[in-house]
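Here is what each chain is made of, one letter per residue.
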Amino acid sequence: MPTTPTVPYLPFARPTLTAHMAEAVSETLLSHWIASGPQVQAFESALSQYHGSRPTRVFTSATAALEVALQVCGIGATAGGSADDEVITSAMTFFSVGNMIEKSAARTVFVDCDLVTRNIDLDQVERAITPRTRAIVPTHFGGLPCDMDRLGQIAARHKLRVIEDAALAIGSSWHGRRIGAFGDIATFSFHPNKNMTTIEGGAAIFADEAEARRAEVLRFHGIVKQADGTRDVAVAGGKFNLSDVSARLGLTQLPHLDNWCELRRQRVADYMELLSLHADALGLMLPAAANPGEPDGHSWNMFCILLPLASMTISRKQFMDEMARRQIGTGLSYEAMHLTTLFRGKGHHEGEFPNAERIGRETVTLPLFPTMSRADVERVAGAVVDILRAAC
Ligand SMILES: *Cc1c(COP(=O)(O)O)cnc(C)c1O
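First, a word on scope: everything that follows refers to the structure included in this document. (Residues numbered from 1 in each chain as written. Predicted model: local features only at pLDDT ≥ 70, side-chain atom pairs only at ≥ 80, totals over all residues. Heavy atoms only, no water.)

1. Describing the pattern of salt bridges
Side chains that differ in sign of charge can pair as their charged atoms come close.
Phase 1 of the analysis: Inspection of every chain in the model, using the stated rule, returns 26 salt bridges.
Phase 2 of the analysis: A salt bridge links Glu-44 to Arg-219, with the nearest nitrogen and oxygen atoms 2.8 Å apart. One end of the pair, Glu-44, is in helix α2 (residues 38–50); the other, Arg-219, is in the loop between α7 (209–218) and β10 (223–225), and 175 residues separate them in sequence.
Phase 3 of the analysis: In this structure Arg-219 comes out as buried when scored by relative accessible area, which is 8%.
Phase 4 of the analysis: Asp-321 is paired through a salt bridge with Lys-317; the nearest N and O atoms lie 2.9 Å apart. Here Lys-317 and Asp-321 lie together in helix α10 (residues 316–325), a separation of four residues that amounts to about one turn. (Salt bridge = Lys/Arg side-chain N within 4 Å of Asp/Glu carboxyl O. Helix = DSSP H or I, 4+ residues; strand = E, 2+ residues; numbered from the N terminus. Buried < 20%, exposed > 50% of the residue type's maximum accessible area, 1.4 Å probe, protein only.)

Written as structure tokens, this is what we have:
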């Protein structure tokens, strides 16, 4: 049978893993100390150092870090707060945010996002604040920081906690300061699709050492050791401690992070160059470049375009299938969260948050990872333009 030459499959995200990293992980594995131990401590120190020596704890995921952060802040009926506690977040973020607010038994209060930056709309945040508001959970969408100056002012004026969902923003900065190196609490993810990985894993960075210590207790059953060597539990904790094997992988990844972010920015510059030539003619919306005056403040975890669905003869699903047929993976970040069955069940509906809803319908994430070449970007951009030209 004749063989058909095929181009290699290009996933929409791919972690960078090397033989050196595999050796380090294998060394930790064969040390037989594989659950939480010295590697977790070393990884926490390294992350802390990267973020201006702030108190840092690692978890099994960013979702776990957020769950514990809400608990540390005493928000929601499960954490000694009230079922009337309100937490403001964007309708355009990953499900874990709404899920953890609901699990804390507080009320999720959604506001819309900006259509271009896709970050939470701070005017709407101010209007949504009530005497019951306890916290704001903003997501740095795709790694693009929210306006941290204004967010800090709003929080200070109303005495609110801010838990930044910085899952995609490790390596990002605002006015030259790294996300996580200032502010209240920031949570990060080390899932394989993020800018660095521990397979699964996450971290929370605190302003306050006492809160970090409470988080450390809450991530491991709520156990505290007593003077007589026995253990006690005063507050019900969870089981969110990272393994040493994962922490060792994180330790080998972190030194590469800044370089990987730079490579991402180079590929984004390629996308911008190649797609902006056609964007207007095709009705394609490209993501916001970066915050003004700060091109290197964006860690570029994702490159998300909006399709011109209204003028297309095919659906988004058909567009994504056509990309897959050309061996190009795509993602979808995110569905509008207030339209999930969970939140429809609490009275939410279409028409509430037009920007989040439009992004939810039209967004497609294109491949972006540090080991991509300019030729890869040319192949993706060429496919996008080809498919849309045929379908508009
Ligand atoms: C991935 C992601 C999370 C969750 O991270 P996990 O480590 O998988 O729990 C939260 N928020 C955003 C914006 C994400 O992209």
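2. Description of the site of the ligand
Phase 1 of the analysis: Near the ligand there are 13 residues, and of these Ala-62, Thr-63, Asp-165, Ser-189 and Lys-194 occur at the shortest range.
Phase 2 of the analysis: Between the ligand and Thr-63, the relevant distance is 2.5 Å, taken from an oxygen atom to a side-chain nitrogen or oxygen of the residue.
Phase 3 of the analysis: Here Asp-165 contributes a side-chain N or O atom positioned 2.9 Å from a nitrogen atom of the ligand.
Phase 4 of the analysis: When the ligand is considered free in solution it has 380 Å² of accessible area, and contact with the protein chains removes 91% of it.
Phase 5 of the analysis: Looking at side-chain class alone, the shell around the ligand contains five nonpolar, six polar and two charged residues. (Near = heavy atom within 4 Å. Polar contact = N/O pair within 3.5 Å; in protein donor to acceptor, adjacent residues only side chain to side chain. Areas by Shrake-Rupley, 256 points an atom, 1.4 Å probe, with all protein chains shown as cover. Nonpolar A, V, L, I, M, F, W, Y, C, P; charged D, E, K, R; others polar.)

3. Some thoughts on the nonpolar core
Side chains of nonpolar character tend, in soluble globular proteins, to be buried together.
Phase 1 of the analysis: Within the largest apolar cluster, 44 residues are counted, with the highest numbers of intra-cluster contacts made by Phe-43, Leu-47, Ile-179, Phe-188, Phe-190 and Met-196.
Phase 2 of the analysis: With five residues, α2 is the single largest residue contributor to this core.
Phase 3 of the analysis: Judged by nonpolar contacts, the second largest core, of 32 residues, contains Leu-10, Val-268, Met-312 and Val-377. (Core = buried A, V, L, I, M, F, W, Y, C linked by side-chain atoms within 4.5 Å.)

4. Overview of helix α13 (residues 374–391)
Phase 1 of the analysis: Over its 18 residues, α13 runs 26 Å from end to end, which matches the ideal 26 Å to within 8%, given 1.5 Å per residue.
Phase 2 of the analysis: For α13, the complete set of buried residues consists of Val-377, Val-380, Ala-381, Ala-383, Val-384, Val-385, Ile-387, Leu-388 and Ala-391.
Phase 3 of the analysis: Turning to α13, the residues buried within the fold contact α9 (257–282), β12 (303–306), α10 and β13 (363–366). (Expected span 1.5 Å × (residues − 1). Contact = heavy atoms within 4.5 Å.)

5. Regarding the pairing of strand β8 (residues 185–189)
Phase 1 of the analysis: Of all five residues in β8, five are buried; the element is thus mostly enclosed.
Phase 2 of the analysis: Neither face of β8 is left uncovered, since the one carrying Ile-185, Thr-187 and Ser-189 and the one carrying Ala-186 and Phe-188 both have all their residues buried.
Phase 3 of the analysis: Strand direction decides the pairing type here: strand β5 (residues 161–165) and β8, joined by three bridges, are parallel. Bridged to Glu-164 within β8 is Ala-186. (Pairing = 2+ DSSP bridges.)

6. Remarks on the sheet that holds strand β9 (residues 202–205)
Phase 1 of the analysis: One open sheet accounts for seven strands, arranged β1-β9-β8-β5-β4-β2-β3; its pairing is mixed. Edge positions in the sheet fall to β1 (56–59) and β3 (107–111), since each of these pairs with one other strand and no more. Along the sheet, successive strands turn relative to each other by an average axial angle of 20 degrees, direction set aside.
Phase 2 of the analysis: By the bridge criterion, four bridges tie β1 to β9 in an arrangement that is antiparallel. Bridge pairing links Arg-57 to Ala-204 in β9.
Phase 3 of the analysis: The strands touched by α2 within the sheet are β1 and β9, with β1 carrying the most contacts at an inclination of about 130 degrees. (Axes fitted to C-alpha atoms, helices over the stretch in contact; angles between N-to-C directions.)

In short, geometric facts, not functional conclusions.
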